[in-house]
Amino acid sequence: MTFETASPFADIRQLAVSPPAPGPSPTLEQGGRLAEISAWLTAWSGKTPPAVNRPVIALYAGARQGVGPRGYARDRLEVIASGGATVSRLAGVQGAGLEAFDLAIDRPSPDSVAKASMSEKEAAATIAFGMEALAKQPDLLIPGVITAEPARTAAAVCLALFGGEASDWSDDPEPVAAAVARARSEGMGEDPLEILGQLGGRETAAVVGAILAARVQKVPVLLDGYAACAAAAIVRAIEPAAIEHCLAAHVTPTKGHARVLEILDKRPLLALDTVDEEGVGGASALALVKLACEVR
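All of the points below concern the structure found in this document.

### Here we look at the layout of surface pockets
Now for step 1: For the largest pocket, the calculated volume is near 420 Å³.
Now for step 2: In terms of lining, the largest pocket is formed by 25 residues, of which the most central are Glu149, Pro150, Ala151, Val275 and Glu277.
Now for step 3: Elements represented by at least two residues in the lining of the largest pocket include exactly helix 3 (72-82), helix 4 (86-94), strand 3 (140-146) and helix 6 (150-162).
Now for step 4: When residues of the lining of the largest pocket are assigned to their parent elements, the largest contribution, 3 residues, is made by helix 6.
Now for step 5: Looking at the lining of the largest pocket residue by residue, the classes come out as 11 nonpolar, 5 polar and 9 charged.
Now for step 6: Together, 18 residues line the second largest pocket, and Ala63, Arg70, Gly71, Ile105 and Pro108 are the ones closest to its centre.
Now for step 7: Taken together, the residues of the lining of the second largest pocket sort by class into 8 nonpolar, 6 polar and 4 charged.

### Thoughts on the nonpolar core
Now for step 1: Residues Tyr60, Leu141, Leu199, Ile211 and Ile234 are the most contacted members of the largest nonpolar core, which totals 67 residues.
Now for step 2: Sorting elements by how many residues they give to this core places helix 11 (residues 225-238) first, with 11 residues.
Now for step 3: Core analysis: the second largest hydrophobic core is formed by 32 residues, Trp40, Ala63, Ala96 and Leu286 among them.

### Focus on the packing of aromatic side chains
Now for step 1: Overall, the coordinates contain 3 aromatic pairs when judged by the stated rule.
Now for step 2: A centroid spacing of 5.0 Å and a plane angle of 15 degrees characterise the contact between Tyr60 and Phe101, whose relative ring orientation is stacked. Of this pair, Tyr60 sits in strand 1 (residues 55-61) while Phe101 sits in strand 2 (residues 97-102), and the two are 41 residues apart along the sequence. Of the two residues examined, Tyr60 and Phe101, each falls in the buried class.
Now for step 3: In textbook terms, an aromatic cluster arises when at least three aromatic residues are bridged by ring pairs, as seen for Tyr60, Phe101 and Phe129.
Now for step 4: In this arrangement the basic side chain of Arg259 is found over the ring face of Trp169, its NZ or CZ atom lying 4.8 Å from the centre.

### So, helix 4
Every α-helix carries 3.6 residues per turn, so stepping three or four residues along brings you back to the same face.
Now for step 1: When helix 4 is considered as a whole, its buried residues turn out to be Val87, Ser88, Ala91 and Gln94. In a view along the axis of helix 4, the buried residues occupy a sector of 135 degrees, so they form one face of it. Set apart from the buried face of helix 4 by more than 90 degrees, the exposed residues are Gly92 and Val93.
Now for step 2: In the core, the buried residues of helix 4 are packed alongside strand 1, helix 3, strand 2 and helix 13 (280-292).

### Focus: the state of the cysteines
Now for step 1: Across all of its chains, the model carries 0 disulfides by this definition.
Now for step 2: In this model Cys246 remains outside any disulfide bridge; the closest cysteine sulfur is found in Cys229, 8.9 Å from its own.
Now for step 3: Of the residues examined, Cys246 reaches a relative accessible area of 1% and is grouped as buried.
Now for step 4: Among the cysteines around Cys293, which has no disulfide bond, Cys246 carries the closest sulfur, lying 17 Å off.

Rules and cut-offs
- Residue numbering note: each chain is counted from 1, following its sequence as written.
- This being a predicted model, a pLDDT of at least 70 is required before a residue's local features are given, and a value of 80 or more before pairs of side-chain atoms are given or counted; all residues contribute to the totals for chains, interfaces and linings.
- Water and hydrogen atoms play no part in the side-chain values, which are based on all heavy atoms of the structure.
- Using a grid of 1 Å spacing that covers the protein atoms alone, one calls a set of points a cavity when a 1.4 Å probe fits there but cannot get out, and a pocket when the set is open and has protein on both sides within 12 Å along at least five of seven lines; lining residues are those with an atom within 4 Å of a point.
- Grid points are joined across faces, edges and corners, and a volume is the space filled by probe spheres set on the points.
- The helix count covers DSSP runs of H or I at least four residues long, the strand count covers runs of E at least two residues long, and both are numbered beginning at the N terminus.
- For this classification, Asp, Glu, Lys and Arg are treated as charged, while Ala, Val, Leu, Ile, Met, Phe, Trp, Tyr, Cys and Pro are nonpolar and the rest, including Gly, are polar.
- Joining through side-chain atoms within 4.5 Å is the link that ties buried Ala, Val, Leu, Ile, Met, Phe, Trp, Tyr and Cys residues into a set, and such a set is a nonpolar core.
- Type-normalised accessible area, obtained with a 1.4 Å probe on protein chains alone, sets the label of each residue: buried when under 20%, exposed when over 50%, and partly exposed for intermediate values.
- Two rings from Phe, Tyr or Trp (for Trp, the six-membered ring) form a pair when their centres sit within 6.5 Å of each other. Planes less than 30 degrees apart are called stacked, planes more than 60 degrees apart edge-to-face, and all others tilted.
- We count a charge as sitting over a ring when the NZ of a lysine or the CZ of an arginine lies within 6 Å of the ring centre and within 35 degrees of the ring normal.
- Throughout, the arc means the angular range of directions from the helix axis out to the C-beta atoms.
- Contact criterion: two residues are considered in contact whenever any of their non-hydrogen atoms come within 4.5 Å of each other.
- By disulfide we mean two sulfur atoms from cysteines, separated by a distance within 2.5 Å.

The quantities given are spatial measurements derived from coordinates; they are silent on function.
Right, dumping it as structure tokens:
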């Protein structure tokens, strides 16, 4: 993606406006959740009967200064590359492609408690980079993140977007409240892309890009974890219709995750008693989506 206006964020907004409509949904004899998934997949993939032949799990690795163990994202990337991560094995079982993107993790972005995570130019460029997940031409995309303490960033984004108290969104509310207070003291308003630049990590921006690109190309999306749902909330705040192609793969016990899903009106496919991000929930839900393809 190349930027043609004076403001990179203006290009992102333009991309989100008036997204293409889904195709028709079939009327199925069988009802229930599997039928709902089948109809959703048909509407967005254009396949009748629906099928998932090229699912891709796209994980974006980001790092922030002083947040989490040093080298966390690098260590996780190496485990995934070696096939030793849970998501690596699940992707293999599901026949899914697995892409892990290094978002300059050796140059961590600032901790949002201290300063803005990204400039407008960097945020827009990272959104554009996130769109590269569509280069593999998936027929279903599962975006997620690799980062230390992903719920902290997700909670800060949700607090800024939806209000309330930090404790409504996080089990560790102090840094979440501090980050949002710092951003507001520096003039952060209600613009969702400004909130992204102030509080979201590079991994959040990349997932925003993946969701937008999938919407433009009418590729169905399974949101993996709290972080991906926070990115979807950014997209929805730009244009409500821009996340109609998304389903929530699962809900975790992480505080705030169920709350944002309720706001987004996304009923999760699974409820997993795990706080894992990194594609685990999305890969698990993919099995249910494949089963739904058999509903007629």
